[in-house]
Amino acid sequence: MRVLGIETSCDETGVALYDSEQGLLGHELYSQVELHAQYGGVVPELASRDHVRKIIPLLTDLLQKTGTQREQIDGVAYTAGPGLIGALLVGASVGRSLAWAWGVPAIGVHHLEGHLLAPMLETPAPIFPFLALLVSGGHTQLVAVRGIGQYQLLGESVDDAAGEAFDKTAKLLGLGYPGGAALARLAEQGRPEMFHFSRPMTNRAGLDFSFSGLKTQVLTTWQAQENPSEQVRADIARAFEDAIVDTLVIKCRRALQETRLQRLVIAGGVGANKRLRQQLQALGKSLRIQVFYPRIEFCTDNGAMIALAGCLRLQAGQSNTLDFNARPRWLMTAIDETYQAKSP
Ligand code: ATP
Ligand code: MG
Ligand code: FE
C-alpha cells in the first residue's frame, strides 16, 4: 500500500510518500521558520497562508522526484490535529480533496502519533511494546506504547514542554527564535559544572516534569553577570542543557524500571539534541535495553511520519469520511474512536 502523507499542523509544510513494502519513497519539507522569526513566535494566520502557497508545489515536486503516477497512490493521510486550526485546515482540505479526486480513502492522523511512530521509518525499526519519550515544542510526555493506538500516558510536563523551555531560554540568552538548536550548539562550547541548575521534580515520586522554573533560574543567573563573556554565555547554555537532559534521563530510567519495558524510543524535536541522544544511549546500555531514534530531520515536524502513521492505520482498515474535520485539541487516548472501521 502506497500512502501520501501531508503535515501542516504548525510552521512546517511536509509531504511524503510511504510504501508498506518499500518504506519511505521520498519526502519534501518547507520550514516557515524565517517568516516567523521576526515576530519571535509563530503567527497563526501567516502560517496558514504560507501553507497554502507551498503545499501544491511541494506535492508536485514529490510526485515528480519519486516518479509517481496518481494511480499508484492507495490513500491520503493528513495531520488532523492537534495544532493551529487554520494551518491544519490547509493540509486537511488538500488531503481530502485529493483523496476524493483519486477515489482513495483519506485518514486524519494525530500529530503526536506521527512523532511517536517516526522511529519506525528507520532500520532497525522498534517493535511494540516500547516506552516513548516524546519531547517536542509543545509536549513532554512519557508514553507506554503497546501497539498502534494503545498509548498509556505515564507522565507529562505540568507546565512548559522541553522544546518550549529550550526556545524560551534561547530567547533570553539573545539567541533569537526558535533558538533550541542554536542553544544546543552554543552549549557545545560551554564548560561543564561552571553553573548549576536544578533537576525539577526528580526528588519526588512520579513521572511528571516541570520546566518553567528553569528559565527563571537561567534569567537570574544571566542578569547577575557583569559584562558576561561569550564563554560565560556558553557555560550557562551548557548548564541549562545538562539540567534538562539529566532530568529527562532520570525520568526515563524510572519509567523503564517501573514498566519493565525493554525498548526506549525518543521522538519529537528535542530528540535531535546530541547530548540527550548520547545520554539516553548510555542509559540503554546500563539497563541493557535497546534505544531507537528517528534520524535528526524526522525528529521535528515532517510529512514522512504522517505518511507512515496513516499507512499503518489504513492497512488496519481504518479511515475517515471526507467531512471529518481538523481538531486543534485532540487527546492521544481518543484517536481510535474517530475512525470508521472498514465494513467486513
Ligand atoms: P508539537 O509536536 O508538540 O506540536 P512542534 O511540532 O512545534 O510541537 P517539534 O517540531 O517536534 O515541535 O520540535 C520543535 C522543537 O524542538 C523546538 O522547540 C526546538 O527548539 C526543539 N529543538 C530542535 N532541535 C533541537 C536541539 N538540537 N536541541 C534542543 N531542542 C531542539
Ligand atoms: Mg516547527
Ligand atoms: Fe511536532
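Parameters and conventions
Residues numbered from 1 in each chain as written. Chains lettered and ligands numbered in written order. Predicted model: local features only at pLDDT ≥ 70, side-chain atom pairs only at ≥ 80, totals over all residues. Heavy atoms only, no water. Donors = N, O, S within 2.8 Å, 3.2 Å for Na, K, Ca; no water. Helix = DSSP H or I, 4+ residues; strand = E, 2+ residues; numbered from the N terminus. Buried < 20%, exposed > 50% of the residue type's maximum accessible area, 1.4 Å probe, protein only. Pairing = 2+ DSSP bridges. Axes fitted to C-alpha atoms, helices over the stretch in contact; angles between N-to-C directions. Contact = heavy atoms within 4.5 Å. Domains from an automatic or database assignment. Buried area = accessible area lost by both parts, 1.4 Å probe. Salt bridge = Lys/Arg side-chain N within 4 Å of Asp/Glu carboxyl O.

Asker: Honestly, the coordination of the iron ion (ligand 3) in this entry has me stumped. Any pointers?
Answerer: Six octahedral donors at a metal ideally form angles of 90 or 180 degrees, and four tetrahedral donors ideally form angles of 109.5 degrees. Looking at the iron ion (ligand 3), the protein donor atoms are H111 (NE2), H115 (NE2) and D301 (OD), and they sit 2.1 Å from it. Here the donor residues for the iron ion (ligand 3) map to a single chain with the spacing H-x3-H-x185-D. A residue pair is termed long-range when its members are at least 10 positions apart, and H111 in helix α4 (residues 111–117) and D301 in the loop between β10 (290–292) and α10 (304–315) qualify at 190 residues. When its relative accessible area of 8% is taken as the criterion, H111 is described as buried. What makes D301 buried here is its relative accessible area of 12%.

Asker: Sorry, what's going on with the sheet that holds strand β9 (residues 263–267) here?
Answerer: Strand pairing within a sheet occurs via backbone hydrogen bonds; the two strands may be parallel or antiparallel. Ordered by their spatial adjacency, five strands build an open sheet running β8-β7-β6-β9-β10, and the pairing between neighbours is mixed. Edge positions in the sheet fall to β8 (150–156) and β10, since each has one partner strand and no second. Strand after strand, the sheet turns through a mean of 25° between neighbouring axes, direction not considered. Judged from the four bridges that link them, strand β6 (residues 130–135) and β9 form a sheet pairing that is parallel. Looking at the pairing, L134 lines up with A267 of β9. Together, β6, β7 (140–147), β8 and β9 form the strand contacts of helix α8 (residues 230–259), whose direction differs from that of β6 by roughly 155°.

Asker: Before we go on, may I ask you to explain the domain arrangement of the chain in this structure?
Answerer: Interfaces are frequently sized by the accessible area removed from exposure as the parts join. Partitioning the chain into structural domains gives domain 1 (2–117 + 298–334) and domain 2 (128–293). The distance between the C-alpha centroids of domain 1 and domain 2 comes to 27 Å. Contacts between the two partners involve 16 residues from domain 1 and, on the opposite side, 21 residues from domain 2. Carbon and sulfur atoms supply 73% of the area that domain 1 and domain 2 bury against each other, a total of about 1500 Å² over both sides. Linking domain 1 with domain 2 are zero salt bridges.

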